[in-house]
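Summary of the model geometry
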Amino acid sequence: MRRLLVALAAGALVVTASACGSSGDSGASDSGSSSGGTTTVKLGLIPIVDVAPVYLGQKKGFYGKRGLKLEISTASGGAAIVPGVASGQFQFGFSNVTSLLIAQSSGVPVKAVSNGIASTGVAGKDFAAIAVKRGSSIKSAKDLEGKKVAINTLKNINESAVRESVRKDGGDPDKVKFVELAFDQMPAALDGGQVDAACAVEPALATIKSQGGQVIASPMVDVAQGTTVAMYFTSTRYQQQNADVVKKFQEATAESLAYADAHPDEARQVITTYTKIPASVLAQVTLPKWPAEPNKESIEALAKLGEEDGFFKKTPDVDALLP
Amino acid sequence: MRLQNAALGAAGLAAFLALGEVVPRLGLVKEEYFPPTSRIASAFADELSDGSFWTALGDTLTGWALGLAIAVSAGIVIGVAVSVVPYLREATASTIEFLRPIPSVALIPLAVLLYGSELRSVLLLVVYASFWQVLIQTLYGVQDVDPVADETARSYGLGTWARIRHVLWPTALPYVMTGVRLAAAVALILAITGELVIGAPGLGARIAVAQNSQAVPEMYALIVVTGLLGLLINVGARTVERRALAWHQSVRGEVAV
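These numbers were taken from a predicted model, which means no experiment stands behind them.

Right, let's talk about the overall build of chain B for a bit. When you go through chain B residue by residue, the secondary structure sums to 11 helices and zero strands. The order of α-helices and β-strands along chain B, N terminus first, is α-α-α-α-α-α-α-α-α-α-α. In terms of principal-axis extent, the alpha carbons of chain B reach across some 75 × 55 × 30 Å. For chain B, the residues scored as buried account for 41% of the 257 residues in total. In chain B, the proportion of contacts linking residues at least 24 apart, taken out of those at least 6 apart, comes to 72%. Accessible surface, chain B: about 13600 Å² in total, of which carbon and sulfur atoms supply 68%. Considering chain B, the positive charge centre built from 16 side chains and the negative charge centre built from 18 side chains are found 6 Å apart.

Structural data, given as structure tokens:
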């Protein structure tokens, strides 16, 4: 179902991207307009742990002191955010690196403006992991050959990363059977034996661990050192027309990321304001890293992996995507 | 009779709730993924005491009511207009049959492109889904007009408007009411689905957040809310139907001759 939606969204996107109509134009200029020195910008987010710095930065006034008023719209999945930004419904959005590379390589005019999240870089202690049920015979990524592995979206960042983990461990990633499953359903599916392993992120990962699940690999750590997993982005047109707003957003987000990284307790606290993660689970959650700058080498690594795995129509231009 | 029905309904619900309590407790399904009724009930109580829950409920009801109102008025007006003008009927028949089966959810990417994640996106889905229910029922209803009655009205010299008002409308009304009742349920389903998938504010978005957060009892509590909402809407729609059709024999019952 979700794959169908993504495909439809992508199809619709290509149409609007090539024949960008008046609706997008008006949307961008309406919301981009400022009143009394404050510019209201709409930001499309998924309500997950990853975006805590923005909520924290908003609370701390990092955006306000630069004359930006954030209007956060939450979408349930990245699939709604990229089209929303490309069509001018949101000025900024949050999406994983591979999704942005896919959009860029298929001609959707997106431009990264700021770092989002990065892997902790510590194997076994990352916010994303391949996990198996307690007592599973699967001990390492190579053992996933011939097994059913749950990932949230096929042909996207997590498939790239899991394939890389298998490859690095000496296995053949083509022999892994990938199954598309939402993160929140992974603990039950793993427990019930519908899948043999799951590539989960927090807070689903904390739930799996609390049931005795074992982490067998940290795919984002295998991709590169300090992998940039997701970024904040805008449309190229909005960036050209409102370079000053984009610059302010960049600065404010960089300050927010640095603050959140330095104050994990406050970040954990702010997560309770926009999610319903139970306190007992939240305490177990491994937070991602929030460096202010994206790590270009890791993004190039993801582009290379995605190309190897055949996710792109043509080679994405990393330099054009990055700020 | 009505009282007995209500009692039976309540008994059925009570049995269902008891089953929901016992099955996880016996370990037939895991408590973590399918919490017993009592835990869902306490999460439900927490929701009721949370102000943002009521905001979400209000958002969902706004989307539902507004979408339904647009769909019903458009469905009736277009339905009557299409049936009264013979050429229009011929011209639109295949178009309607082509558009009607398109699932509203397939329009989600379009809705996001046009309106982002806000109320208008949900409205697009709700109106698209529920419009056809009303339109088709209106078309059938108008078709059911007794030709003798219509001819009689004509020979008494009634104009087009008077014939619509006194002959066509009373015949079509029972059909329209069925359409409205179906549309009311469909509109609720689509409002919540839209919020769930797109993330527009409302109960659906709240369910999505609970899901993402591994907050299982809260998620079920919100699902129960949507079920209750559906029940209330159905009861409401039936009441409206009974009132509006009090004169009709389906409600009035046959009078012994």
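Here the narrative resumes.
So, about the overall build of chain A. When you go through chain A residue by residue, the secondary structure sums to 15 helices and 11 strands. Contacts in chain A between residues far apart in sequence, at least 24 positions, make up 80% of those at least 6 positions apart.

The next subject is the confidence of the model for chain A. Parts of the prediction with low pLDDT should not have their coordinates interpreted in detail. The predicted model of chain A has a mean per-residue pLDDT of 85, with 88% of residues at 70 or higher. Note on residues 1-33 of chain A: pLDDT is under 50 here. Beyond four places in sequence and across chains, it has 39 contacts.

With 33 residues of chain A at the interface, the matching set in chain B holds 31 residues. Across the chain A to chain B interface the summed buried area is about 2400 Å²; carbon plus sulfur atoms make up 57%. Counting across the interface, chain A meets chain B through three salt bridges. Taking the shortest distance from any N to any O, the salt bridge between A:K276 and B:E47 comes out at 2.6 Å. One can count 13 residue pairs in polar contact (both at pLDDT 80 or more) joining chain A with chain B. Ranked by the residues each element gives to the side of chain A that touches chain B, the list is headed by helix α1 (residues 2-18) of chain A, at six residues.

What follows covers the sheet that holds strand β10 (residues 214-217) of chain A. Residue and element names in this part refer to chain A. Across the sheet, five strands lie side by side as β8-β7-β9-β6-β10; this open sheet has mixed pairing. Since the sheet does not close on itself, it has two edges, and those belong to β8 (177-180) and β10, each with one partner. On average, each strand axis in the sheet is tilted by 35° relative to the strand beside it, whichever way the strands run. Pairing geometry for strand β7 (residues 148-151) and β8, over four bridges, is parallel. Looking at the pairing, A150 lines up with V179 of β8. Against the sheet, helix α6 (residues 157-168) contacts β6 (128-132), β7, β8, β9 (197-201) and β10, and its axis sits at roughly 140° relative to β7.

Residues and elements named next belong to chain A. Enumeration over the complete set of coordinates arrives at 26 salt bridges over all chains. When the shortest N-O distance is used, the salt bridge between D174 and R163 registers 2.6 Å. In this pair, D174 sits in the loop between α6 and β8 while R163 sits in helix α6, placing the two residues 11 residues apart along the sequence. Classification of D174 as exposed rests on a relative accessible area of 58%. Looking at R163, the relative accessible area reads 12%, which means it is buried. With a closest N to O distance of 3.3 Å, D309 and R167 form a salt bridge. Taken together, the residues span a long stretch of sequence, with D309 in the loop between α14 (296-308) and α15 (318-321) and R167 in helix α6 at a distance of 142 residues. Given a relative accessible area of 11%, D309 falls into the buried group. A relative accessible area of 27% places R167 in the partly exposed class. Salt bridges here are not isolated pairs; linked through shared partners, they connect E159, R163, E164, R167, D174, K304, E308 and D309.

Here helix α9 (residues 203-212) of chain B lies mainly inside the structure; eight of its 10 residues are buried. Where α9(B) is concerned, the buried positions are B:L203, B:G204, B:A205, B:R206, B:I207, B:A208, B:V209 and B:A210. Buried residues belonging to α9(B) abut α12 (264-274) of chain A together with α2 (37-48), α3 (51-84), α8 (160-198) and α10 (216-244) of chain B. Of the residues flanking the end of α9(B), it is B:Q214, one or two places downstream, whose phi is positive at about 60°.

Okay, the pairing of β7(A) next. Residues and elements named next belong to chain A. Where the polypeptide runs from β7 across α6 and back to β8, its parallel neighbour, the crossover connection is right-handed. Where β7 and β9 come together, two bridges link them in parallel fashion. Looking across to β9, one finds that A150 is bridged to A198.

Residues and elements named next belong to chain A. For N158, the location among the structural elements is in helix α6. Accessibility expressed as a relative area gives 6% for N158, which makes it buried. In this structure the side chain of N158 is engaged in a polar contact, spanning 2.9 Å, whose partner is the side chain of N152. Contact partners of N158, with chain neighbours within four places excluded, come to I151, N152, F183, C199 and M220.

A word on the confidence of the model for chain B. Residues and elements named next belong to chain B. For chain B, per-residue confidence averages 89 on the pLDDT scale, and residues scoring 70 or more make up 97% of the total. For chain B, helix α11 (residues 249-252) is the element with the lowest average pLDDT, namely 72, and α3 is the one with the highest, namely 94. This complex was scored by the predictor with a pTM of 0.81 and an ipTM of 0.75.

Moving on to α6(A). Residues and elements named next belong to chain A. In this model α6 runs 16 Å from its N-terminal to its C-terminal C-alpha over 12 residues, within 8% of the 16 Å that 1.5 Å per residue would give. For α6, a buried count of 10 out of 12 residues is recorded, marking the element as mostly surrounded by other parts of the structure. Taken together, the buried positions of α6 are occupied by I157, N158, E159, S160, A161, V162, R163, E164, S165 and V166.

Cut-offs and rules
- Residues numbered from 1 in each chain as written.
- Chains lettered and ligands numbered in written order.
- Predicted model: local features only at pLDDT ≥ 70, side-chain atom pairs only at ≥ 80, totals over all residues.
- Heavy atoms only, no water.
- Helix = DSSP H or I, 4+ residues; strand = E, 2+ residues; numbered from the N terminus.
- Buried < 20%, exposed > 50% of the residue type's maximum accessible area, 1.4 Å probe, protein only.
- Contact = heavy atoms within 4.5 Å.
- Areas by Shrake-Rupley, 256 points an atom, 1.4 Å probe, with all protein chains shown as cover.
- Lys, Arg positive; Asp, Glu negative; His and termini not counted.
- Charge placed at Lys NZ, Arg CZ, Asp CG, Glu CD.
- pLDDT = per-residue confidence, 0-100.
- Buried area = accessible area lost by both parts, 1.4 Å probe.
- Salt bridge = Lys/Arg side-chain N within 4 Å of Asp/Glu carboxyl O.
- Polar contact = N/O pair within 3.5 Å; in protein donor to acceptor, adjacent residues only side chain to side chain.
- Pairing = 2+ DSSP bridges.
- Axes fitted to C-alpha atoms, helices over the stretch in contact; angles between N-to-C directions.
- Right-handed = clockwise from strand over helix to strand, strands pointing away.
- Expected span 1.5 Å × (residues − 1).

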